[in-house]
Amino acid sequence: MRRTCTCIYHFLAWSWYLFLNYYISQQGGDQRKSQIFLNGGQWKYLTFLNLLLQTIFYGVACVEDVLKRIKGERDLKFVTAFGDLLFTTLAFPISTFVFLSFWILFLYDRELVYPKALDDIFPEWLNHAMHTSILPFSLVEVILRPHSYPLKKKGLTLLAVASLAYISRVLWIYSETGTWVYPLFARLSPVGLTAFFSLSYIFIASIYLLGEKLNHWKWDTRMLTSRCRSLPQEEKHNPQDRSGTGRS
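Keep in mind that this is a model prediction, so the values were computed, not measured.

K.L.:
Before we move on, could you go through the pattern of salt bridges and cite the residues and values that matter?
P.N.:
When their charged atoms lie close together, side chains carrying opposite charge are able to pair. Counted according to the given criterion, the structure contains six salt bridges. With a closest N to O distance of 3.9 Å, E141 and R145 form a salt bridge. Each member of the pair, E141 together with R145, is buried. Salt bridges sharing common partners tie together E64, K68, E141 and R145.

And the structure:
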């Protein structure tokens, strides 16, 4: 039953993110929206990169679900390992980071990340689809199935590479166009930017570690409980185990 629910969830989540990416891609004809996507396009924003990332992850999850029903658990090590690596090191940390950083800055001063003028361009539901619902989707994924985390050094290194790649793109866009991706960056000095980017990585690395803890708390505890429940039956079928060592 749980496997069926997981399959349905993965398909619905994949369909939702596909719809969002398609809907946003069709907005290029609106001149006001085209102005927002100047100097780097929509992919200069971490929000849109995250939507693409979630689409890829849930697409991989759907492929894995289908293959499991066709082939069983065999010959799926690569697909499963790739999906786990994608979710643990990128999909969960980035979606949670986008949610938390956006709403913290929005509540502090929305002009830093999402100026009020955007309310007349993007519908409210789309704002919440891009910045709010992404966290519940990731948390449901944590609850529905266990994920194998890589070694901390490997996981944090992959996350650092992704972070550096995005920061490099932000700096390159500024060097080429003279405009910052987010208004917040224009208010910071070079030292302030360095501090902001460093703290952002510490923040997203902490989210990565939190995801690992949540995964272990949810699934290690469950497996231990299941094991404890099975012990009385094992002892019933193996009474010698309760009597200690065998005869000498």
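From this point on, the discussion continues.
K.L.:
So what's going on with the nonpolar core? Which residues, and what values?
P.N.:
Counting residues in each nonpolar core, the largest one holds 56 residues, and the members touching the most others are L51, F122 and F185. Elements with a minimum of two residues in this core: helix 1 (2–25), helix 3 (46–71), helix 4 (77–109), helix 5 (124–131), helix 6 (134–144), helix 7 (152–177), helix 8 (183–186) and helix 9 (190–237). Residue contributions to this core peak at 12 residues, all from helix 4. Those residues within four positions of F185 in sequence are excluded, and the remaining contacts are V170, W180, L193, F196 and F197.

K.L.:
Can you explain helix 1? Please cite residues and give values.
P.N.:
Between its first and last C-alpha atoms helix 1 spans 34 Å; for 24 residues at 1.5 Å apiece the expected length is 34 Å, and the two agree. Listed as buried for helix 1 are T6, C7, Y9, H10, A13, Y17, L20, N21 and I24. Looking at the buried positions of helix 1, the neighbouring elements they touch are helix 3, helix 5 and helix 6.

K.L.:
Break down the environment of L214 for me, citing the residues and quoting the values.
P.N.:
Its location among the elements puts L214 in helix 9. Distance from L214 to V142, taken between C-alpha atoms, is 7.5 Å for residues 72 residues apart in sequence. Setting aside its immediate chain neighbours within four residues, L214 contacts F92 and V142.

K.L.:
How would you summarise the packing of aromatic side chains if you had to cite specific residues and measurements?
P.N.:
Going through the model one piece at a time under the given rule, you end up with 28 aromatic pairs. Taken together, a centroid distance of 5.1 Å and an interplanar angle of 35° make the contact between F57 and F87 tilted. Separated by 30 residues along the polypeptide, F57 in helix 3 and F87 in helix 4 bring together distant segments of the chain. With respect to class, F57 is no different from F87; both count as buried. Measuring from ring centre to ring centre gives 4.0 Å for Y174 and W180, while their planes differ by 10°; the resulting arrangement is stacked. According to the relative accessible area criterion, Y174 is partly exposed, its value standing at 35%. Above the face of the W219 ring, K218 is positioned so that its terminal group lies 5.4 Å from the ring centre.

K.L.:
Describe in detail the side chain of R110, supporting the description with residues and values.
P.N.:
Inspection of the secondary structure puts R110 in the loop between helix 4 and helix 5. When residues no more than four places from it in sequence are discounted, the contact partners of R110 are L105, P115, K116 and D119.

K.L.:
I'd like a description of the UniProt feature "transmembrane region" (unreviewed entry) in the protein, backed by residues and values.
P.N.:
Those places that UniProt annotates as "transmembrane region" (unreviewed entry) correspond, in this numbering, to residues 7–25, 45–67, 79–105, 125–144, 156–175 and 187–210. Helix makes up 100% of residues 7–25 and strand 0%, whereas the separation of the span's terminal C-alpha atoms amounts to 27 Å. What you have in residues 45–67 is 96% helix and 0% strand, and the ends, taken at the C-alpha atoms, are 34 Å apart.

Analysis parameters
- Position numbers for residues start from 1 in each chain and track the written sequence from start to end.
- Only residues with pLDDT of 70 or above have their local features reported here, since the model is predicted, and side-chain atom pairs are shown and tallied only from 80 upward, although totals for entire chains, interfaces and linings are computed over all residues.
- For side-chain calculations, the full set of non-hydrogen atoms in the structure is used, while hydrogens and water are omitted.
- The term salt bridge refers to a side-chain nitrogen of Lys or Arg lying within 4 Å of a carboxyl oxygen of Asp or Glu.
- In this scheme, a residue with accessible area under 20% of its type's maximum is buried, one over 50% is exposed, and one in between is partly exposed, where area comes from a 1.4 Å probe on protein chains only.
- Here, nonpolar core refers to any group of buried Ala, Val, Leu, Ile, Met, Phe, Trp, Tyr and Cys residues whose side-chain atoms link them within 4.5 Å.
- Strands are runs of DSSP state E lasting at least two residues, helices are runs of H or I lasting at least four, and both sets are numbered from the N terminus onward.
- Residues count as neighbours in contact if any of their non-hydrogen atoms are within 4.5 Å of one another.
- One less than the residue count of a helix, multiplied by 1.5 Å, gives the span that helix is expected to have.
- When two rings of Phe, Tyr or Trp (its six-membered ring) have centres within 6.5 Å they constitute a pair, described as stacked for plane angles under 30 degrees, edge-to-face for angles over 60, and tilted for the intermediate range.
- Working rule: Lys NZ or Arg CZ, within 6 Å of ring centre, within 35 degrees of ring normal, means a charge sits over the ring.
- UniProt positions are given in the numbering used here, feature names are shortened, and annotations may be inferred rather than shown by experiment.

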